[in-house]
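Per-entry structural report
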Amino acid sequence: MPNRPGKKDIFLTGLWKDNPVLRQILGICSTLAVTNLMVNTLVMNAGLIFTVCMSSLTVSLLKNYTPMRIRMMVQTLIIASYVIIVDILIRAYMPDISEALGPYVALIITNCIIMGRCESFARHNPPVASLLDGLGMSLGYSLVLITIAFIREPLGFGTLLGFRILPEGFVQWTIMIMAPGAFFTLGFLVWIFKYFQPRNEGKETK
Amino acid sequence: MKKQALSIVYMFLITLFFASLISAVKFLNEAKIETNQIVKLQRIILKVLDIPVQEAISNENLTRLFTAQIKDIQIGKKTLYIGYEEDRRTIRGYAVPVGGPGFWGPIEGMVGITPDAKKVLGLAFYKHNETPGLGGRITEDWFSDQFKGLPLYPIEGGQNIFFLTPEGTQKRANELDAITGATNTSSAVEVFLNQELDFFLREFWGSIEEKE
Amino acid sequence: MRARKQNRTMEQIHPLTLLFAAIFTNNILLTNFLGLCPFLSMSKGKKTALGMGAAVVFVMASTTALNNLVHYKILIPLELEHFRYIVFIVVIAAFVQLVEMTVERFFPPLYYSLGVFLPLITVNCAIFGASLFMVIREYNFVQSLAYGAGSGIGWMLAILTISAIREKLQKSAKLPRGLEGPAITLIITGLLALAFLAFSGMIRVQ
């Protein structure tokens, strides 16, 4: 790499320019599934931030010891372990939300964002940088999800975080609670993003 | 060959480390998870028997209230709950677990029944896999409150204990509001709940009176 | 600690009902949002979709049924349920590896046209998701097989339709800036999800 990006750049890239959801189109499954309620979204965000950061950190710390041939298995094991821990903690301390999230907490394991960061960044970079990269990417993901939930919950339920924010007479857009609403909202957001932030030449993270 | 052996050893060590970590976390939280389940069930039973419970009640106080006023009895494979009044002698009602296939997965709930088994005291669903905001609304108060005071009788010749019909089309007293937009969940509930209530009246009611 | 045995009431749902429900009314892609990631990044056409779909149906049916056995016959009796996420992923990865080796050995021409998709399937969240739903909904072995097969077919159906529409759109329309690629794919998927909602009157669970 000709120009080593500074720590601040590493962090900020994940937030906007190389946003994992809107630019890299990763982590879509959970983005669509949990965003019909803001509270579920926030818990999912916390779970993902924890997992990405811890996984990236661990992979980076072990990068000099892990044999090349088994690195994918090791990464999967690390990610899955942290997700199991998050799942147990959510089930213990927030049982209702755990039931509402259902299998989507476990699906963090197959969330391409985490594996993507481990494989393309944490594997080659020092721990602090990897941690910042993970933090930036997961915060970028969180911001997108919060934006979508901000649209879906009020329009679909008339509430935000359980508090009624639209008047009683408002006819709910039930479609926003269900699958099609999720697809449309995300589709429009990606469209708006790509309109203002066209193809990112140079840094192509796959 | 040495590289392969090294990989295997490494994999083994890493797996051991994380497996231990997971087991530790699980061990530390097991009790809490189990308590959550128990308290949830207790809360539901108290609710369907219409025993008032403060919103912010602590888990210990809830359990204390529960053990004071509820007794569980086993009839065959089923556990039923007898709810007493504060004097601990007059029976307030019975809480009967009910369950059946919903649209997406099993639905589990609890029905409160008056001491003479003639009416419903209350109803609550506590476990389901239905769509949030649609079928999932069976947990909402407006839906379960409809069942309060519903007359109970063994089903003869298709005369259901209740029917779920679209909002605003009710003609008789035992026709209740289905959930708009959740036809499948509503019909599934109608089918299994009628069956479960009928089953209770025919199979268990006699046995309870004996056990008193 | 009490291990969870299968709920008696679930046996009442007929496997064929599950099969049809998984294809139309509970489509794993259109209602549960799973399995979209790999497809959004690709811009290939119907042939690719068909190849991938066939592989997915086979893997999904087999692994969901297999994981059912593993979960109820091995993990629960040994009280190791909390490791199920890792075990499921290992089973899936091992199975895909096995299939890849078999196809490469005995059906070389098939391998050259399909082989490239198989590694991609391992990270397809739909496959892992199907096993997760199987546990949550407490299906038995036959139900798991039916659900897995149905989900796979449903996934393939959705992917085929989306790619066909997209191909047609790319040939005949000039899309506004920012809409091409993932954005329009998401919106098409949303419309398809909307259309599939109409099927929900078809299945009676009795």
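Residues numbered from 1 in each chain as written. Chains lettered and ligands numbered in written order. Predicted model: local features only at pLDDT ≥ 70, side-chain atom pairs only at ≥ 80, totals over all residues.

**Structural notes on the interface of chain C and chain A**
Contacts between the two partners involve 30 residues from chain C, matched on the other side by 31 residues from chain A. Within the residue set of the side of chain C that touches chain A, elements represented by two or more residues are helix 2 (37-41), helix 4 (84-106), helix 7 (125-136) and helix 9 (182-197) of chain C. Residue contributions to the side of chain C that touches chain A peak at eight residues, all from helix 9 of chain C. When its residues are assigned to classes, the side of chain C that touches chain A shows 22 nonpolar, seven polar and one charged. (Contact = placed C-beta atoms within 7 Å. Helix = DSSP H or I, 4+ residues; strand = E, 2+ residues; numbered from the N terminus. Nonpolar A, V, L, I, M, F, W, Y, C, P; charged D, E, K, R; others polar.)

**Observations concerning the packing of helix 3 (residues 46-75) of chain C against helix 7 of chain C**
Two quantities define a packed helix pair, namely the angle between the axes and the distance from one axis to the other. Residue and element names in this part refer to chain C. Following both chains from N to C, one finds helix 3 and helix 7 inclined at 40°, their axes separated by 9 Å at the closest point. Taken together, helix 3 and helix 7 sit at an angle that is classed as oblique. As helix 3 packs across helix 7, the resulting crossing turns out to be right-handed. Every residue of helix 7 that contacts helix 3 at Val 59, Met 60, Thr 63, Thr 64, Asn 67, Asn 68 and His 71 is listed here: Ala 126, Ile 127, Ala 130, Ser 131, Met 134 and Val 135. Among the residues making up the contact of helix 3 with helix 7, the classes are represented as seven nonpolar, six polar and no charged. (Axes fitted to C-alpha atoms, helices over the stretch in contact; angles between N-to-C directions. Parallel < 35°, antiparallel > 145°, perpendicular 65-115°, else oblique. Left-handed = near helix turned anticlockwise from the far one by under 90°.)

**Comments concerning helix 3 (residues 38-61) of chain A**
The end-to-end C-alpha distance of helix 3 of chain A is 34 Å, a good match for the 34 Å that 24 residues give at a rise of 1.5 Å each. Burial analysis of helix 3 of chain A places 17 of its 24 residues in the buried class, which makes it a mostly covered element. (Expected span 1.5 Å × (residues − 1). Buried ≥ 20, exposed ≤ 12 C-beta atoms within 10 Å, placed from the backbone.)

**So, the nonpolar core**
Core analysis: the biggest nonpolar cluster contains 169 residues, and Cys 29 and Val 83 of chain A together with Val 48 of chain B have the highest contact counts within it. When residues of this core are assigned to their parent elements, the largest contribution, 13 residues, is made by helix 4 (residues 71-93) of chain A. In contact with Val 48 of chain B, not counting residues within four places along its chain, are Ala 95, Met 110, Val 111, Gly 112, Leu 121, Gly 122, Leu 123 and Ala 124 of chain B. (Core = buried A, V, L, I, M, F, W, Y, C linked by C-beta atoms within 7 Å.)

**Here we look at the confidence of the model for chain B**
Across chain B, the average pLDDT comes to 84, with 96% of residues at or above 70. For chain B, the element scoring lowest by mean pLDDT is helix 4 (residues 183-211) of chain B, at 81; strand 4 (residues 106-113) of chain B scores highest, at 90. (pLDDT = per-residue confidence, 0-100.)

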